[in-house]
Amino acid sequence: MTIPFYVAPEQLMKDRAEFAQKGIARGRSLLALTCSGGILIVAENPSRSLHKISEIYDRIAFAGVGRYNEFDQLRVAGVRHADTKGYAFSRDDVDARALANLYAQFLGQVFTHEMKPLEVEILVAEVGWEDSEDQMYEIAYDGTISDRSGFAVLGGKNEEIVERMQGVWSASLSLDDAVPLAAEALGGTRNLAPADLEAAVLQRGAERRAFRRIPDDELAGLLGRKKSS
Amino acid sequence: MSSDQGFFSDVRGPVVPGGGLGKLAWDHRDASLGALPVFTATDDPGPSFGALLSGVGRDWRSAWMPAASAAGSLQQGRDREFQAPHATTVLALRFKDGVVMAGDRRATEGSFIAHRLMEKVLPADRHSGVAIAGVAGPATEMVKLFQTQLEHYEKVEGAELSLEGKANQLGQMVRENLAMAMQGLVVVPLFAGYDLHRHVGRIFTYDVTGGHYEELDFHATGSGGRDARAAVKARWRWDLERSDAINLAVQALYDAADEDAATGGPDAVRGIYPTVAVVTAAGFEKLGDEEVEQSFAEVIASKRESGRMP
């Protein structure tokens, strides 16, 4: 018979946090920013079919970094929550804040009660009618939730990207200008091609479903625009 | 349910990691609203919204189906004081670039007019629409569930259902309603859309048992459906232009309203005109009142000119 060793709770939490952080840092980064045209989300992602950025509801988008199967499970749960709520009440009653709180509770619970924490960082964004109404919530592996304004960076090499963004971001950016800017901030010294990126936007003022993926050819056009000017 | 993979297959409640503690924290009645709806692999409802509702303990059936006994008394009260509102004539016809769908705005309770503003032609998703005839309450609820289901599937799976897949889903919903239909609460939708794979407009009709059939050219259903069909039949061609197809739909509704008391005609005094929508590769587009009004004006003018009475 084996007798389990006593492990101090501090040590247990520290080990779990380290484990999750390591997993997340291995993945590539993701950047979301508010601008006059809506909320732009750009991720480094060479895959065309395994998305990091997805639609949750009319004005709400989801983005995740880390282990794909884990954040995709969270994405589907978010869609299920939003659709059930919108069906039971009204489409107007579905909001990002409530969903972000549910994610935070779930991640927090897994972090404290399970053997293995989820190796993910997720973002819930909701575009408003005015840019002052935009919401972005970042939720970490342990359920820590933070409310971001302006821009949010998820995944590895986080600080460098934040630094690069601080100098260039402004609320009055147009969507077209924001795309090359985000690609540059993500890439740093590397020059990211459209095929390395996944981009989507929550369009401000959209009648109903505001989420739109930016296809490769359009992305290439927007990235090229910056270089020629 | 007979099939495990069906739209409304029953699944057990959601589970949460953490075992006992998690279970306590979950309220099955409102599971998807009070906590994140996460399922184990074996209980996962997949992309089906109906199964999801069952899984989180919300009985979707109660959404539009009154208790059978209540429906029975509704039926018995048919010729007496109480009747449920009915929606009347809807039609769909193919044209060169897709499909035109149209429906009048009247809902009746026996010989009374219950509503003058009812919308019976509704978008199902970006590239399809659904038109309803039959008992108004269950029909609108069915459409709401259908719209949610299509969008839910698209978001969960990351791909749209094929047009035939959508038609099939609606058939399953109509079939689920069969018990109610036997009690007199009949809902018979008309489904039409643009097939993005085949690049044509397609029309599907239903019977109360959920059977669905593809129509080649056009179809109309509801109390004025026969008259509307006759009107379309007389002038339909496969290569109709958009404006001609709209005029033909309007003409058919005019004829249906002329013959059928339950079908509403254009109401110039209140400015209420039938709903007309066009579904093409560009998507579902509901026409503005001005355009429908204009089309009615053209139809009426041509009737006067040719000396034909309405």
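Throughout this description, residue numbers start from 1 for each chain and increase along the sequence as written. Chain letters start at A and ligand numbers start at 1, both assigned in the order the entries are written. Restriction of local features to residues with pLDDT of at least 70 applies here, the model being predicted, together with a cutoff of 80 or more for giving and counting side-chain atom pairs; totals for whole chains, interfaces and linings are based on all residues. Values shown for side chains rest on all heavy atoms present in the structure; no hydrogens or waters enter the calculation.

*Asks:* How would you explain the overall build of chain A if you had to name every residue and give the values?
*Replies:* Counting its secondary structure elements, chain A contains 6 helices and 10 strands. In terms of overall dimensions, chain A is globule-like: its C-alpha atoms have a radius of gyration of 18 Å, near the 17 Å expected for 229 residues. Counting only C-alpha atoms and orienting by the principal axes, one finds that chain A spans roughly 70 × 50 × 30 Å. The classification of residues rests on relative accessible area computed with a 1.4 Å probe and restricted to protein chains. Under 20% of the type maximum is buried, over 50% is exposed, and intermediate values are partly exposed. Across the 229 residues of chain A, 52% fall into the buried class. Intrachain contacts of chain A at a sequence separation of at least 6 include 66% that bridge at least 24 residues. Summed over all atoms, the accessible surface of chain A reaches about 10,700 Å², with 52% contributed by carbon and sulfur. Separation between the mean location of the 27 positive side-chain charges and that of the 35 negative ones in chain A comes to 4 Å. The helix and strand labels rest on DSSP assignments: H or I over at least four residues marks a helix, E over at least two residues marks a strand, and numbering proceeds from the N terminus. In this description the radius of gyration comes from C-alpha coordinates, and the expected globular size is given by 2.2 Å times residues to the power 0.38. Every residue pair with non-hydrogen atoms within 4.5 Å of one another is taken to be in contact. Using a 1.4 Å probe, the Shrake-Rupley method yields the accessible areas, and only the shown protein chains count as cover for residues. In this tally, Asp and Glu contribute negative charge and Lys and Arg positive charge; neither His nor the terminal groups of the chain are included. To locate a charge, take atom NZ for lysine, CZ for arginine, CG for aspartate or CD for glutamate.

*Asks:* Go over the sheet that holds strand β2 (residues 38-44) of chain A with me, naming the residues and quoting the values.
*Replies:* All names here are of chain A. Pairing between strands is defined by DSSP: at least two bridges between them are needed. A sheet is described by the order of its strands in space; here 5 strands give the open sequence β8-β1-β2-β9-β10, paired in antiparallel fashion. Lying at the two open borders of the sheet, with one neighbouring strand each, are β8 (151-154) and β10 (211-213). The sheet shows a mean angle of 15° between the axes of neighbouring strands, taken without regard to direction. One ladder, built from 4 bridges, connects strand β1 (residues 30-35) with β8; its direction is antiparallel. Among the inter-strand pairings, Leu31 is bridged to a residue of β8, identified as Val153. Axis angles are defined between N-to-C directions and span 0 to 180 degrees, where every axis is a line fitted to C-alpha atoms and, for a helix, only to the segment in contact. Each of β1 and β8 touches helix α4 (residues 158-168); the most contacted strand, β8, lies at about 160° to it.

*Asks:* Explain the pattern of salt bridges residue by residue, including any values.
*Replies:* Salt bridges are defined as contacts in which a side-chain nitrogen from Lys or Arg sits within 4 Å of a carboxyl oxygen from Asp or Glu. Scanning all chains against the criterion turns up 40 salt bridges over all chains. Residue Arg198(B) is joined to Asp195(B) by a salt bridge in which the shortest nitrogen-to-oxygen separation is 3.0 Å. Look at Arg198(B) and you get exposed, because its relative accessible area is 51%. Between Asp195(B) and Arg202(B) there is a salt bridge, with its nearest N and O atoms 2.6 Å apart. Of the two residues, Asp195(B) and Arg202(B), both sit in the buried class. Through salt bridges with shared partners, one network takes in Asp58(A), Asp83(A), Arg91(A), Arg208(A), Glu151(B) and Lys155(B).

*Asks:* Account for the pairing of β1(A), with residues named and values stated.
*Replies:* Residues and elements named next belong to chain A. Extensive coverage of β1 is indicated by the burial of 6 of its 6 residues. Of the two faces of β1, both are covered, the one formed by Leu30, Ala32 and Thr34 as well as the one formed by Leu31, Leu33 and Cys35. In this structure, the hairpin formed by β1 and β2 is closed by a connection of 2 residues.

*Asks:* A description of helix α7 (residues 163-176) of chain B should follow, citing residues and the corresponding values.
*Replies:* In this model, α7(B) (14 residues) spans 20 Å end to end at C-alpha, consistent with the 20 Å of a helix rising 1.5 Å per residue. The complete set of buried residues in α7(B) reads Leu163(B), Gly165(B), Lys166(B), Ala167(B), Gln169(B), Leu170(B), Gly171(B), Met173(B) and Val174(B). Expected helix span is given by 1.5 Å per residue-to-residue step, counting one fewer step than there are residues.

*Asks:* Describe the packing of helix α9 (residues 225-235) of chain B against helix α10 (residues 242-259) of chain B, listing the residues and the values that go with them.
*Replies:* Residue and element names in this part refer to chain B. At a closest axis distance of 7 Å, the pairing of α9 and α10 adopts a crossing angle of 140°. As the angle between them shows, α9 and α10 are arranged oblique. Regarding α9 and α10, the two cross each other, and that crossing is right-handed. Side by side, α9 and α10 meet where Asp227, Ala228, Ala231, Val232 and Arg235 of the first sit next to Leu248, Gln251, Ala252, Asp255, Ala256 and Glu259 of the second. A per-class count over the contact of α9 with α10 returns 6 nonpolar, 1 polar and 4 charged. Small angles under 35 degrees read as roughly parallel and large ones over 145 as roughly antiparallel, with 65 to 115 read as roughly perpendicular and the rest as oblique. For any helix crossing, the convention is left-handed if the near helix is rotated counterclockwise from the far helix by under a right angle, and right-handed if that rotation is clockwise. Asp, Glu, Lys and Arg are counted as charged, while Ala, Val, Leu, Ile, Met, Phe, Trp, Tyr, Cys and Pro are counted as nonpolar; the rest, among them Gly, fall into the polar class.

*Asks:* Tell me about the confidence of the model for chain B, residues and numbers included.
*Replies:* All names here are of chain B. Residue-level pLDDT values for chain B average 83, and 80% of them are 70 or greater. Confidence over residues 1-30 falls short of pLDDT 50; this stretch has 74 contacts with residues more than four positions distant or in other chains. The ipTM, which scores confidence in the relative placement of chains, is 0.92 for this predicted complex, and the corresponding pTM is 0.87. Confidence scores labelled pLDDT are given residue by residue by the predictor and lie between 0 and 100.

*Asks:* So what's going on with the packing of aromatic side chains? Residues and values would help.
*Replies:* Aromatic ring pairs: the centre-centre distance and the angle between the two ring planes describe each pair. Under the pairing criterion, centres of Phe, Tyr and Trp rings, with the six-membered ring standing for Trp, must be within 6.5 Å; the plane angle then separates stacked pairs below 30 degrees from edge-to-face pairs above 60, leaving the rest tilted. Following the criterion strictly, the structure yields 9 aromatic pairs over all chains and no others. Look at Phe62(A) and Tyr103(A): their rings are 5.7 Å apart centre to centre, the planes differ by 55°, and that puts the pair in the tilted class. Remark: Tyr103(A) occurs in helix α3 (residues 96-113) and Phe62(A) occurs in strand β4 (residues 60-66); sequence separation between them is 41 residues. A relative accessible area of 1% means that Phe62(A) is categorised as buried. An angle of 75° between the planes, with centres 5.4 Å apart, marks the rings of Tyr68(A) and Phe71(A) as edge-to-face. Here Tyr68(A) pairs with Phe71(A), and both are found in helix α2 (residues 68-88), just 3 residues apart, close to one helical turn. Residue class for Tyr68(A) comes out partly exposed when judged on its relative accessible area of 31%. Here the aromatic residues Phe146(B), Phe191(B) and Phe204(B) are joined through ring pairs into a cluster of three or more. Distance and angle both matter: a charge sits over a ring if NZ of Lys or CZ of Arg is within 6 Å of the ring centre and within 35 degrees of the ring normal. Its end group placed over the ring of Tyr87(A), Lys144(B) keeps NZ or CZ at 4.8 Å from the ring centre.

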